[in-house]
Structure formats: structure tokens, C-alpha cells
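The residues making up each chain are set out below.
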Amino acid sequence: MSETKRQRILSGIQPTGTFTLGNYIGAVRNWAALQDQFDCLYMVADLHALTVRQVPAELRAHTREAASMLLAAGIDPSRSILFVQSHVPAHTQLNWILCCNSQFGELSRMTQFKDKSAKHPDNVNGGLFTYPALMAADILIYNADLVPVGQDQSQHLELARNIAQRFNSAYSETFVLPNGYITKEGAKIMSLQDPLHKMSKSDTNVNAYILMTDTPDVILRKFKRAVTDSEGIVRADPAEKPGVTNLMSIYSVFTGKDFEEIQREFEGRGYGEFKEAVAETVISALAPIQGEYNRILADKAYVDGILAQGAAAASRLADRMVAKVYKKVGLLQI
Ligand code: TYM
């Protein structure tokens, strides 16, 4: 009887503040579900967060909060490896090797680099530029087959594949070429205030995003204020009605209803009622996660214990890969 090896998953999230509903729908929601079928590693990407200036005490707090939120969202530490990126130094070791195998031209083409440099013109640092090489290291170091992310990370993933391919052909087969796992619905949740842009926690307008920790009245208020259009009909049309379509995507994710069913459900009813229904489904989906989150966050020793265990397990895998890569590129082993 042949036993097929389970495929491996890796994904990460930056601890730059409380997660948004976009993070949850686009990525984290899928992470828990994937644990049944795959060997999963999930990471709080604190090193990535440093590409933008952070308040040190806040970064520390946000890192523990991020880990707590992942546990609350269903990451099970007895089945998956949950860790903090900086706790596994091998990532930065591989990062250097991959930087030396990344081209200036390809890094310059990353839209996130262009966006973030435009947003922070006073701090266009080297880390911001080489960020995708570190992300490639995060993935390739574990030979991950699949990477569950939102749409905005697909360009970085493509680059990780290119770097892996280049390395393999220069130094012999070493890295698995990773594939994105991007679900069709919810891959890009848009801002509630400007539905042509993605929902992002760095938005200056707090009404643009729903945070995972928002209270029911705040969630309701933000949805009520969501930008729609003047047609007054609940129907999907991404080009002409991006606001309504975005709300329909959110509703669809939590109710399992497709766009046609949603359109029928709200036929002859106005946006006010529709927005309230969307808010209600989000409030009830988040309530159990919020309860768990508060309980877990209060138990610092528990969270830190999980992270220590995760770092040790991840390091065992990552150190092995770094030793292999160091040898392949010709670094002297003594
Ligand atoms: P980050 O922290 O910006 O976002 C975490 C995850 O949430 C997804 N996401 C969204 N999905 C749908 N709609 C949105 N509005 C939305 N906003 C965010 C992102 O696509 C992502 O999947 N570079 C990564 C973190 C990272 C990583 C990795 C991911 C570091 N190393 C290795 C995968 C593998 C980032 O900044 O994600």
C-alpha cells in the first residue's frame, strides 16, 4: 500500500494592527479549514512589518495579538505549526541567498513596492525593496506546495516561483515551486468607502474597513455608511456597482448564497435593509471568534508557549533547508 505524502501549506500575516475583515475573508478564514487536508505552517510576519516604521512596544503587542487572533480563528496548534517569523532566524539566512538570486528589475516591478514607496516617500528603505525575497524565503524554506493568500499577494508568489526556478537551474533541484491557493470569492475585499481599492488596515479612514475586534454597533454603523450607488437595486456588477458587489461578496462568503440568490432575496428592498443584513451576518460570524480572542489573549503564558513550540518545530525544518542551500551555493562547511 502506498502512502501519499500530505502537501505542505505555508502562509503569513503581518502584525501591523488588528486584522481586517479583508484579511479574514481573503486568507485566515481558509487557513483553519486547510488543516484537515494539509501539513500547515502559519506565521506572524513581524520582520515584514519592519519595512514600515513601527512603534516597538506596539509591534510586540500586535505580534501576540495576531497569534491570539489566529488561534481564535481556528488554527489548532496540535495540528499546525504556528510561529513568529523572527523566532526562526533561518528565514533571514535564506533571505540573503535569495536576494543574491533576485534581479533589481523584477523587484522594481512589484506593485506593492511602488504603492508603499508612494505612500511613505520619506522611508523607501532597502527592506521594502527586497521584501518579496524574504517572502520567497518564508515559503521556499519549507518546500511549501500551496500558499493560501488574497489576490494582492499573487505577484509576490509568482516572483517566489521565479526565484525558485532560477535557483534550481543554477544549483540543481532544491526548492518546490509553490502555487497560490486563492479562493474565487473574497480574494479581494474592497474598502467600504472607496470600493475601487482593497480594504486595508492602513487606510486613514476608519470607516473604510471592519476590524476583527469591532463591536456590533461599530460594524453596523460602518456598513450603513458604506458607499454604494444611486440605482437602488441589489445586483452584482463589479464595473458599474463596485460598492454593492463588494457587499454582496461579503454576504455571500458568510451565508453561502450565490449572487443570484442574493439578488432575488433583496428584490424590491432598498440598500438600507441589505446593508443591515450584511452587517448582521458579519456580526454573528465574528462573535464567537471575538469571544475566543479575548479569552486567549488574556492567557499570555499559553500563547507564548504555543509560539515557543511553533518556533522550535519550524526551526527544525528551516535549519535543514538552510544547511542544504549553504552547501549548494559553496559556503564553506567546517
Ligand atoms: P498581509 O499581512 O498584508 O495580509 C495577510 C493576508 O490577508 C490578505 N488580504 C486580503 N484578502 C482579501 N481582501 C483584502 N482586502 C485583503 N487584505 C489582505 C493578503 O492577501 C494576505 O494573504 N506579504 C504578506 C505576509 C507574508 C506572507 C509570507 C504570506 C509574509 N510572508 C509568506 C504568504 C506567504 C502580507 O503582507 O500579507
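In short, a report on the structure. (Residues numbered from 1 in each chain as written. Predicted model: local features only at pLDDT ≥ 70, side-chain atom pairs only at ≥ 80, totals over all residues. Heavy atoms only, no water.)

This part covers the pairing of strand β2 (residues 39-44). For β2, the tally of buried residues reaches 5 of 6 residues, placing the bulk of the element in the interior. By the bridge criterion, 6 bridges tie strand β1 (residues 8-13) to β2 in an arrangement that is parallel. From the neighbouring strand, Ile9 faces β2, where its bridge partner is Cys40. Handedness of the crossover is the feature at issue here: the chain leaves β1, passes through helix α1 (residues 21-34), returns alongside β2, and the resulting connection is right-handed. Inspection of the sheet shows β2 paired to strand β3 (residues 81-84) by 4 bridges, in the parallel sense. Residue pairing in the sheet places Leu41 in a bridge with Ile81 of β3. (Buried < 20%, exposed > 50% of the residue type's maximum accessible area, 1.4 Å probe, protein only. Helix = DSSP H or I, 4+ residues; strand = E, 2+ residues; numbered from the N terminus. Pairing = 2+ DSSP bridges. Right-handed = clockwise from strand over helix to strand, strands pointing away.)

In the vicinity of the ligand there are 27 residues, among which Gln14, Tyr131, Asp138, Asp152 and Ile189 approach most closely. Within the contact set of the ligand, a nitrogen atom lies 2.7 Å away from a backbone nitrogen or oxygen of Ile189. In isolation the ligand exposes 720 Å². Once the protein is present, 97% of that is buried. Taken together, the elements giving at least two residues each to the shell around the ligand come down to β1, α1 and α7 (126-140). Looking at side-chain class alone, the shell around the ligand contains 13 nonpolar, 10 polar and 4 charged residues. (Near = heavy atom within 4 Å. Polar contact = N/O pair within 3.5 Å; in protein donor to acceptor, adjacent residues only side chain to side chain. Areas by Shrake-Rupley, 256 points an atom, 1.4 Å probe, with all protein chains shown as cover. Nonpolar A, V, L, I, M, F, W, Y, C, P; charged D, E, K, R; others polar.)

Below, the discussion takes up unusual backbone geometry. Of note in the backbone geometry, Asn143 takes a positive phi value of approximately 50 degrees without being a glycine. Note on placement: Asn143 falls in the loop between α7 and β4 (146-148). For Asn143, a relative accessible area of 23% gives the class partly exposed. A positive phi angle, near 90 degrees, is found at Ser172, a position not held by glycine. Mapped onto the fold, Ser172 is located in the loop between α8 (154-171) and β5 (179-181). Judged by its relative accessible area of 39%, Ser172 falls in the partly exposed class.

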